Amino acid sequence: MKVRKAIIPAAGLGTRMLPNTKSIPKEMLPLVDKPVIQYIVEEAVSAGIEEILIITNRGKSSMEDYFDYAPDLEKALLRDGKTRECETIRAAADMADVFYLRQKETKGLGHAVWRAKSFVGNEPFAVLLGDDIMLSETPVLRQLVDAAEKYGCSAIAAREVDDAHIVKYSSLQISPLEDRIYRIHDMNEKPTLSEKLSNYAILGRYVLTPEIFSILESTPPGRNNEIQLTDGMRELCHQQSMVAVDFEGKRYDTGNLCGYLEATIDFALRNAEVGPWLREFMREKLAD
Ligand code: G1P
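Engineer: What's the story with the overall build of the protein chain in this structure? I'm lost.
Structural biologist: Looking only at helices and strands, the protein chain features twelve helices and 13 strands. Taken against the 2.2 N^0.38 rule, which gives 19 Å for 288 residues, the C-alpha radius of gyration of the protein chain at 19 Å falls within 12% of a compact globule. In the protein chain, buried positions account for 49% of the 288 residues. When contacts within the protein chain are restricted to residue pairs at least 6 apart in sequence, long-range pairs at least 24 apart make up 76% of them. Of the roughly 14100 Å² that the protein chain leaves accessible, carbon and sulfur atoms contribute 51%. Taking the 36 positively charged and 45 negatively charged side chains of the protein chain as two groups, their mean positions are separated by 3 Å.

Below, the structure written as structure tokens:
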């Protein structure tokens with residue numbers, strides 16, 4: 001099973017990050033030295049993805065500019081001898097073939113993924129949620145692709161979370177296959193505590209077989225009156241095998257302020273240029 005294409009749904013309104021996101025897409029907010037969306041694209045590329053479709057919405061065109069060349073800026077940088085800066089912005093544009101499609105209506109994650117049907121065609125593909133950032137040795141999507149290839153089926157990222165969090169995610173009914181890999185039997189979106197199937201939650205990365213598209217076509221609106229990807233995947237896991245990967249690594253929800261700050265601090269501390277300075281600064285601050 002070769003996974004060459006990825007979808008990044010990035011059409012959300014970013015309401016949890018207002019007013020920051022009034023005129024800047026949440027995916028374009030900076031995480032230390034580059035925007036959130038670049039981390040996602042880098043993860044996809046390092047997992048072997050060749051073509052990426054970003055599902056956008058009105059007011060999100062700065063993402064398109066970001067992955068494009070910027071001839072005037074590049075010329076000005078070279079004129080001023082800023083070769084490194086010029087190479088950095090070029091590299092972002094050359095990372096992958098990035099395509100864009102507007103969701104047009106905000107009808108949920110399942111609808112956003114369904115819009116990618118003709119881009120994907122009849123092959124397995126990846127989905128990376130635009131505000132879930134991962135920090136790991138092996139890219140989380142790579143871990144999923146490896147499991148999908150090994151078992152010849154869809155694979156989704158999962159992690160055990162506490163009761164306070166499971167109600168915000170999808171919960172999974174699973175049974176163990178091997179270390180960190182589980183067979184999925186059932187799932188539900190944002191369950192109440194009495195509805196939860198376990199404390200294993202789906203977290204932001206998926207490798208799916210193309211049969212999901214015909215299922216999503218007829219998936220009715222579910223939780224929050226939106227077409228939920230989880231409802232489609234629930235049907236898919238009843239038709240075909242599907243595995244959950246309890247991935248190695250840390251996941252940040254940069255779509256809310258605490259998750260965004262947590263990611264900012266962790267990534268800054270690991271950054272070669274500012275990390276040592278920040279560590280010292282924080283030590284002094286916390287000693288105050
Ligand atoms: C989405 C999905 C949900 C998943 C979560 C975390 O929810 O609908 O199934 O568990 O992402 O990745 P959202 O965060 O958009 O509410």
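Engineer: Sorry if this is basic, but what is going on with the site of the ligand here?
Structural biologist: Close contacts around the ligand come from 13 residues, with Ser170, Glu189, Lys190, Ile202 and Gly204 the closest. Between Ile202 and the ligand, the recorded distance is 2.6 Å, taken from a backbone N or O atom to an oxygen atom. The protein chains hide 78% of the 380 Å² of surface that the ligand would expose on its own. Here the shell around the ligand takes three residues from strand E11 (residues 200-208), the largest share from any one element. Considered class by class, the residues forming the shell around the ligand number five nonpolar, four polar and four charged.

Engineer: Got a minute to help me understand the pairing of E11 in this structure?
Structural biologist: The side chains of a regular strand alternate, residue by residue, between the two faces of the sheet. Most of E11 is tucked away: nine of the nine residues are buried. Sheet topology places strand E6 (residues 125-128) next to E11; four bridges connect them, and they run antiparallel. By the bridge assignment for E11, Leu128 is matched with Arg205. Two strands pair when backbone bridges link them, and strand E8 (residues 154-160) and E11 are joined in this way by five bridges, in the antiparallel orientation. Its bridge partner lying in E11, Arg159 is registered against Ala201.

Engineer: Before we go on, may I ask you to explain the pattern of salt bridges in this structure?
Structural biologist: As a working rule, side chains carrying opposite charge can pair if their charged atoms are close by. The tally for this structure, following the rule as stated, stands at 27 salt bridges. In this structure, Asp253 and Arg16 form a salt bridge, with 3.1 Å as the shortest nitrogen-oxygen distance. Placement of the pair is Asp253 in strand E13 (residues 250-253) and Arg16 in the loop between strand E1 (5-9) and strand E2 (30-31), with a sequence separation of 237 residues. Under the relative-accessibility criterion, Asp253 is labelled buried at 12%. Judged by relative accessible area, Arg16 falls into the partly exposed class, the value being 48%. Here Arg234 makes a salt bridge to Asp186, at a shortest N to O gap of 2.8 Å. Of this pair, Arg234 sits in helix H10 (residues 229-239) while Asp186 sits in strand E10 (residues 181-189), and the two are 48 residues apart along the sequence. Judged by its relative accessible area of 13%, Asp186 falls in the buried class. Residues joined by salt bridges that share partners form a network here, namely Lys2, Arg4, Lys5, Glu50 and Glu123.

Engineer: Just checking my understanding: could you explain the nonpolar core for this structure?
Structural biologist: Soluble, globular proteins show a tendency: their nonpolar side chains are buried together. Formed by 50 residues in total, the largest nonpolar core has its most connected members in Ile52, Ile54 and Leu141. The contacts of Ile54, once residues within four sequence positions are left out, are Ile8, Ala10, Ile37, Met63, Phe67, Val98, Phe99, Tyr100 and Leu101. Residues Val113, Ala116, Val127 and Leu216 belong to the second largest nonpolar core, which totals 33 residues.

Engineer: Whenever I open this one, the packing of aromatic side chains confuses me. Can you help?
Structural biologist: How two aromatic rings sit relative to each other is set out by the distance from centre to centre and by the angle between their planes. One pass over the full model with this rule turns up seven aromatic pairs. Both rings, one in Tyr39 and one in Phe267, keep their centres 5.0 Å apart while their planes meet at 80°; by these two values the pair is edge-to-face. Within this pair, whereas Tyr39 is found in helix H1 (residues 36-46), its partner Phe267 is found in helix H11 (residues 257-270), the two being separated by 228 residues in sequence. Of the two residues, Tyr39 and Phe267, both sit in the buried class. Centroid distance Phe125 to Phe213: 5.1 Å. Interplanar angle 20°. Geometry classified as stacked. With a gap of 88 residues between them, Phe125 in strand E6 and Phe213 in helix H9 (residues 211-217) connect regions that are remote in the sequence. In this structure, Lys5 is placed above the aromatic ring of Phe119, and the distance from its NZ or CZ to the ring centre is 5.3 Å.

Criteria and cut-off values
Numbering of residues starts from 1 in every chain and runs along the sequence as written. It should be noted that, the model being predicted, local features are given only for residues of pLDDT at least 70 and side-chain atom pairs only at 80 or more, the latter also being counted only at that level, while totals for whole chains, interfaces and linings use all residues. The basis for every side-chain value is the complete set of heavy atoms in the structure, and neither hydrogens nor water enter the calculation. Runs of H or I in DSSP of at least four residues are treated as helices and runs of E of at least two as strands, each being numbered from the N terminus. Restricting the calculation to C-alpha atoms gives the radius of gyration, and the globule rule supplies 2.2 Å times the number of residues raised to the power 0.38. Here the term buried applies to any residue with accessible area under 20% of the maximum for its type, exposed to any over 50%, and partly exposed to those in between, with areas from a 1.4 Å probe on protein chains only. The criterion used for residue contact is that any of the two residues' heavy atoms lie within 4.5 Å. Accessible surface is estimated by sampling points in the Shrake-Rupley manner with a 1.4 Å probe; for residues, cover comes only from the protein chains shown. The positive count covers Lys and Arg only, the negative count covers Asp and Glu only, and His and the chain ends enter neither. For the purpose of locating charges, the reference atoms are NZ of Lys, CZ of Arg, CG of Asp and CD of Glu. Nearness of a residue to a molecule or strand requires only that one of the residue's heavy atoms be within 4 Å of it. By the criterion applied in these results, polar contacts are pairs of N or O atoms within 3.5 Å in which, for protein atoms, one can donate a hydrogen and the other can accept it, and in which residues neighboring in sequence qualify only through two side-chain atoms. Residues are sorted three ways: Asp, Glu, Lys and Arg are charged, Ala, Val, Leu, Ile, Met, Phe, Trp, Tyr, Cys and Pro are nonpolar, and all the rest, Gly among them, are polar. Strand pairing requires that DSSP identify at least two bridges connecting the strands. The term salt bridge refers to a side-chain nitrogen of Lys or Arg lying within 4 Å of a carboxyl oxygen of Asp or Glu. Buried Ala, Val, Leu, Ile, Met, Phe, Trp, Tyr and Cys residues form a nonpolar core when they are joined through side-chain atoms within 4.5 Å. Aromatic rings from Phe, Tyr and Trp, taking only the six-membered ring of Trp, are treated as a pair when their centres fall within 6.5 Å; an angle between ring planes under 30 degrees marks them as stacked, one over 60 as edge-to-face, and anything in between as tilted. The rule is short: NZ of Lys or CZ of Arg within 6 Å of the ring centre and within 35 degrees of the ring normal puts a charge over the ring.

Everything listed here is a matter of coordinates, which is why it stays silent on function.
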